[in-house]
Amino acid sequence: MTAVHVPGTPVIDDGHLVSTSPATGEEAGRFPVATADDVARAVDRARAAADWWAGLGFTGRRERLLRWRALLARRIEELAQLVHVEGGKPVPDAIVEILTAIEHIDWAARNAGRVLGPRRVRSRLILAEFTGHLEYQPYGVVGVIGPWNYPVFTPIGSAAYALAAGNAVVLKPSEYTPAVGQWLVDSFAEVVGEQPVLTAVHGLGDVGAALCRSGVGKLAFTGSTATAKKVMAACAETLTPVLLEAGGKDAMIVDSDADLDAAAEACVWGALTNAGQTCIGIERVYAVDPVFDAFVGKVVAKAERLTVGAEGADIGPITMPSQLDVIRRHIDDAIGAGGRVVLGGPDAVRPPYVHPTVLVDVPESSAAVREETFGPTLTINRVRDADEAVRRANALSYGLGGSVFGRRRAVAIARRLRSGMASVNSALTFAGMSTLPFGGVGDSGFGRIHGEDGLREFGRAKSITRRRARSLLPSMTFERTPADVARLVKAAKLMYGRR
Ligand code: NDP
C-alpha cells in the first residue's frame, strides 16, 4: 500500500505505520508495525527490566523520574511542536497539555514512597498480639494503551504513576499519534538507558489487542467506551486487571447566582479547547432560566472571536478525519429535532476544520446531547432550576467530569453530579491537580489515575501479619479448649454485642 491518503489518516506503508498532519498531510512519523510476537517479546524484555527498575527502590526511581521530568520541561517547545504537527493541536494547547503531564510526573515521583511504601498498620483488640504490615508491590509490566487527543497527558497519566510504583511500561500509542508516543519513550531512554523500562509497540487496534493478551500484570486503557469493552473482554481471558478511562459527555450547570462572564469564559474554553476533542470537554450546558439568555449571549460573543486554522489559530483541524461525519451528523440531527443555531451550524464543518458551533433548545433525545461529539460544538439548554439541571446532566450512561458555576449551592450541585470529577467555577481543572484522582463512572470507565488512588492502581496491596506475643485468647488453632471458645463467645458479646 502507498501512503497517498486523506491527510491525518494513518496508513500502513511497507510494514510501517505512517502518521501525518491532519492540516497539511505532512508526514509526522514512520514506525515498524509490531506483530503479536513482537508485542510478546517487548513484554518479556520489559519483565526483565521491571526487576531492575523495582530494585532501584522508591528513591532511585524518584531521582530518575525527576530527571525525565526536567528533560521534558527543557524540551517542552520541541514536544509541543511535534504534538502540533502530528495531531493538529495548536501549540499553546500542546504546551498546557505537556505542562500538566510534567506536573503529574513530578508528583508521582515525589509521593510514591509515602503512598505505596511499607508501613505498619495498627492492630485492634482482636489479634492485639499481632502487628500488621502493608505495602503496595508493583505488577511487573503494565500495558498502557492511549488515545490520540491528548497523546502526552493521557499515557503519562498512567505511565508516570505505574513507573513510580516500580513497574516497567509497554505503551501502545494511538495509530494517529505514534511519533509523540515514541518521543516520550526515547526521551525516557535518555535518562534511563540501562534497561528498556518504558518502551512502545506501534500499529493498529490489533496491536493493542495483542498487548491485552501478552501477559502484562495490568492493562491501563484510555480511549472510547466501545474499545474499552473489547479491552476488558480480552483481558478477562487471563484475568488481567484493567483500568478503563473511557469517553464522556460532560455537562456544565450554570446556576442563578453564577458569575456569568466567568462561566462563559470557562464554558468556551472547556468546550472548544483542542477543537472540542477532549474526553472531559464541556459538551452540554444547562443554564437556569433567569440567566439563560444573558449566558448564551456571552458565550456566543466569546466563541465567535476564536480563530480557526492550521497555524497560530485558537482552533486547529479535527485530528481524526472520520470524526467530521459524526460532528456533521450531530449538528444536522440537533437542528432537525428543533434545536436553534446561535453560532456556526451545518456550514461550520469545512474539512479538516470545524468552526465553533453553539446550539440551543436541543431536545435531550438528540445525538448532540446524548453521544460524544468530539468537536468544537456545544448545546445549551434552558432549565427551570438546578434540580432539573442535575437530573438532565445525570440522565446519560457516561459520567466522567462536569462543571458547576454558582455561589451558594455550587459545591452541593457538584457533589450530586453522577461523575468521577467536577470543577466549581472553572472547567477541566481537576485534570491538572495531581493530588486528585481522575476517572469516571458508568460508561466512562472505572479505576483512577492521578493522586494517591492513581498510585495505588499500579501496586498490589501486600498484607503481612506478624506475631509479637503469645495469644491470650487462642482462636485460630486446634489447640483451643472449650473454655477458650466460651471466652471467645463472651468477648464477642462484650465487644460487639451492644449498640
Ligand atoms: P479508541 O478507543 O478508538 O482507541 C484508543 C486506543 O485503543 C488506541 O491506541 C487504539 O489503537 C486502541 N485500540 C483499538 N482497538 C483496540 C482493541 N481491540 N484492543 C486494544 N486496543 C485497541 O479511542 P480514540 O483513540 O479515538 O480516543 C478518543 C476516545 O478516548 C474518546 O472517547 C475520549 O473520550 C476517550 N478519552 C478518554 C479519556 C479519559 O481519561 N477518560 C482521556 C482522553 C480520551 P488505534 O488508534 O491503533 O486504533
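Here the structure is a predicted model, which means the values were calculated and not measured.

Enquirer: I'm lost on the overall build of the chain in this one. Help?
Expert: When helices and strands are counted, the chain shows 16 helices and 23 strands. In terms of overall size, the chain behaves like a compact globule, its C-alpha atoms giving a radius of gyration of 25 Å where 499 residues would be expected to give roughly 23 Å. A principal-axis box enclosing the C-alpha atoms of the chain has dimensions of 85 × 60 × 40 Å. Here the chain holds 499 residues, and the buried ones make up 56% of them. Pairs at least 24 residues apart make up 70% of the contacts formed inside the chain by residues separated by at least 6 positions. Total accessible area computed for the chain in this model is approximately 21300 Å², and 55% of it derives from carbon and sulfur atoms. Looking at charge distribution, the chain has the averaged site of its 57 positive side-chain charges lying 13 Å from that of its 54 negative ones.

Enquirer: Is there a simple way to explain the site of the ligand in this structure?
Expert: Residues in close proximity to the ligand total 31 residues, the closest being E175, S224, T227, C279 and E372. In this structure, an oxygen atom belonging to the ligand sits 2.3 Å away from a side-chain N or O atom of E175. Within the complex, the protein chains bury 89% of what would otherwise be the 900 Å² of accessible surface of the ligand. Put simply, the parts of the chain that give the shell around the ligand at least two residues each are α7 (205-212), β9 (218-222) and α8 (225-236). Along the lines of polarity and charge, the residues of the shell around the ligand split into 13 nonpolar, 13 polar and 5 charged.

Enquirer: Just checking my understanding: could you explain a nonpolar patch on the surface for this structure?
Expert: On the surface, a cluster of nonpolar side chains totalling about 790 Å² of accessible area is made up of L125, I126, L127, M476, L494, M495 and Y496. Secondary-structure assignment places I126 in the loop between β4 (119-121) and β5 (130-138).

Enquirer: It is not clear to me how helix α5 (residues 153-164) should be interpreted in this structure. Could you clarify?
Expert: An α-helix turns once every 3.6 residues. As a result, residues three or four positions apart point the same way. When the terminal C-alpha atoms of α5 are compared, their 16 Å separation across 12 residues agrees well with the 16 Å that a helix rising 1.5 Å per residue should span. Burial runs high along α5: 12 of the 12 residues are buried. All of the buried residues along α5 are F153, T154, P155, I156, G157, S158, A159, A160, Y161, A162, L163 and A164. Where α5 terminates, the next one or two residues include G166, which has phi positive at roughly 105°.

Enquirer: Looking at this model, I keep getting lost on the packing of aromatic side chains. Mind explaining?
Expert: All told, the structure shown has 9 aromatic pairs when counted by the stated rule. Pairing W107 with Y161 gives two aromatic rings, centres 6.3 Å apart and planes at 35°, and the pair type is tilted. Here Y161 lies in helix α5 and W107 lies in helix α4 (residues 91-116), a separation of 54 residues in the sequence. When its relative accessible area of 0% is taken as the criterion, Y161 is described as buried. Ring geometry for F153 against F438: centres 6.3 Å apart, planes inclined by 75°, an arrangement best described as edge-to-face. Taken as a pair, F153 in helix α5 and F438 in the loop between β20 (423-424) and β21 (441-442) lie far apart in primary sequence, 285 residues in all. We classify F153 as buried; its relative accessible area is 10%. These aromatic residues form a ring-pair network of at least three members: W52, W53, W68 and F188. Above the plane of the ring of F58 lies R61, whose end atom (NZ or CZ) is 4.8 Å from the centre. Against the face of Y150 rests K89, its NZ or CZ located 3.8 Å from the ring centre.

Enquirer: What is the right way to read the sheet that holds strand β6 (residues 141-145) from this model?
Expert: Hydrogen bonds between backbone atoms are what pair the strands of a sheet, whose relative direction is either parallel or antiparallel. The strand order β8-β7-β6-β9-β10-β22 describes an open sheet built from 6 strands, whose pairing is mixed. Since the sheet does not close on itself, it has two edges, and those belong to β8 (198-200) and β22 (445-446), each with one partner. The sheet contact formed by strand β7 (residues 168-172) and β8 spans 3 bridges and is parallel. Bridge pairing in β8 links V170 to T199. Contacting β9, β10 (242-245) and β22, α8 runs over the sheet at an angle of about 175° to β10.

Enquirer: Got a minute to help me understand the nonpolar core in this structure?
Expert: Side chains of a nonpolar character, in soluble globular proteins, are inclined to be buried together. In terms of nonpolar packing, the biggest core is built from 146 residues, with W68, L219, M252, V254, F295 and I380 touching the most fellow members. For this core, the element with the highest residue contribution is α4, accounting for 11 residues. Each residue touching V254, except ones within four places of it in the same chain, is listed here: L260, A263, V285, Y286, A287, V288, V291, F295 and F405.

Enquirer: I tried to follow the side chain of S444 on my own but got confused; where do I start?
Expert: Mapped onto the fold, S444 is located in the loop between β21 and β22. Taking relative accessible area as the criterion, S444 reaches 0% and is therefore assigned buried. A distance of 2.9 Å separates a polar atom in the side chain of S444 from the backbone nitrogen of G399. Setting aside chain neighbours within four positions, we find S444 in contact with L244, E245, A246, G247, G248, Y398, G399 and L400.

Enquirer: Teacher, can you tell me more about the environment of E175 here?
Expert: Along the polypeptide, E175 turns up in the loop between β7 and α6 (178-191). Residues E175 and W148, spaced 27 residues apart in sequence, show a C-alpha to C-alpha distance of 7.7 Å. Sequence-distant contacts of E175, defined by excluding residues within four places in its chain, comprise P10, L17, S19, G203, L204 and G205.

Enquirer: Which parts of the structure should I look at to understand unusual backbone geometry?
Expert: Cis rather than trans, the peptide bond between P351 and P352 has omega equal to 5°. Mapped onto the elements, P352 comes out in the loop between β14 (349-350) and β15 (353-354). The phi dihedral of L127 is positive, around 65°, even though this residue is not glycine. Looking at the element boundaries, L127 is found in the loop between β4 and β5. Phi at L428 takes a positive value of approximately 70°, unusual for a residue other than glycine. Residue placement: L428 occurs in the loop between β20 and β21.

Enquirer: Would you take a moment to explain the pairing of β5 for this structure?
Expert: Regular strands place side chains that alternate from one sheet face to the opposite one. Pairing of β4 with β5, which is carried by 3 bridges, proceeds in the antiparallel orientation. Bridging across to β5, R120 finds its partner in H133. In this sheet, strand β23 (residues 459-467) lies alongside β5 in antiparallel orientation, the contact comprising 9 bridges. If you follow Y136 over to β23, its bridge partner there is A461.

Rules used throughout
- Residues numbered from 1 in each chain as written.
- Predicted model: local features only at pLDDT ≥ 70, side-chain atom pairs only at ≥ 80, totals over all residues.
- Heavy atoms only, no water.
- Helix = DSSP H or I, 4+ residues; strand = E, 2+ residues; numbered from the N terminus.
- Rg over C-alpha atoms; globule rule 2.2 N^0.38 Å.
- Buried < 20%, exposed > 50% of the residue type's maximum accessible area, 1.4 Å probe, protein only.
- Contact = heavy atoms within 4.5 Å.
- Areas by Shrake-Rupley, 256 points an atom, 1.4 Å probe, with all protein chains shown as cover.
- Lys, Arg positive; Asp, Glu negative; His and termini not counted.
- Charge placed at Lys NZ, Arg CZ, Asp CG, Glu CD.
- Near = heavy atom within 4 Å.
- Polar contact = N/O pair within 3.5 Å; in protein donor to acceptor, adjacent residues only side chain to side chain.
- Nonpolar A, V, L, I, M, F, W, Y, C, P; charged D, E, K, R; others polar.
- Patch = residues over 30% accessible without salt bridge, like charges linked within 9 Å, V, L, I, M, F, W, Y side chains within 5 Å.
- Salt bridge = Lys/Arg side-chain N within 4 Å of Asp/Glu carboxyl O.
- Expected span 1.5 Å × (residues − 1).
- Phe/Tyr/Trp six-rings, centres within 6.5 Å; stacked < 30°, edge-to-face > 60°.
- Lys NZ or Arg CZ within 6 Å of the ring centre and 35° of its normal.
- Pairing = 2+ DSSP bridges.
- Axes fitted to C-alpha atoms, helices over the stretch in contact; angles between N-to-C directions.
- Core = buried A, V, L, I, M, F, W, Y, C linked by side-chain atoms within 4.5 Å.

It is worth stressing that arrangement in space is one thing and function is another; only the former is reported here.
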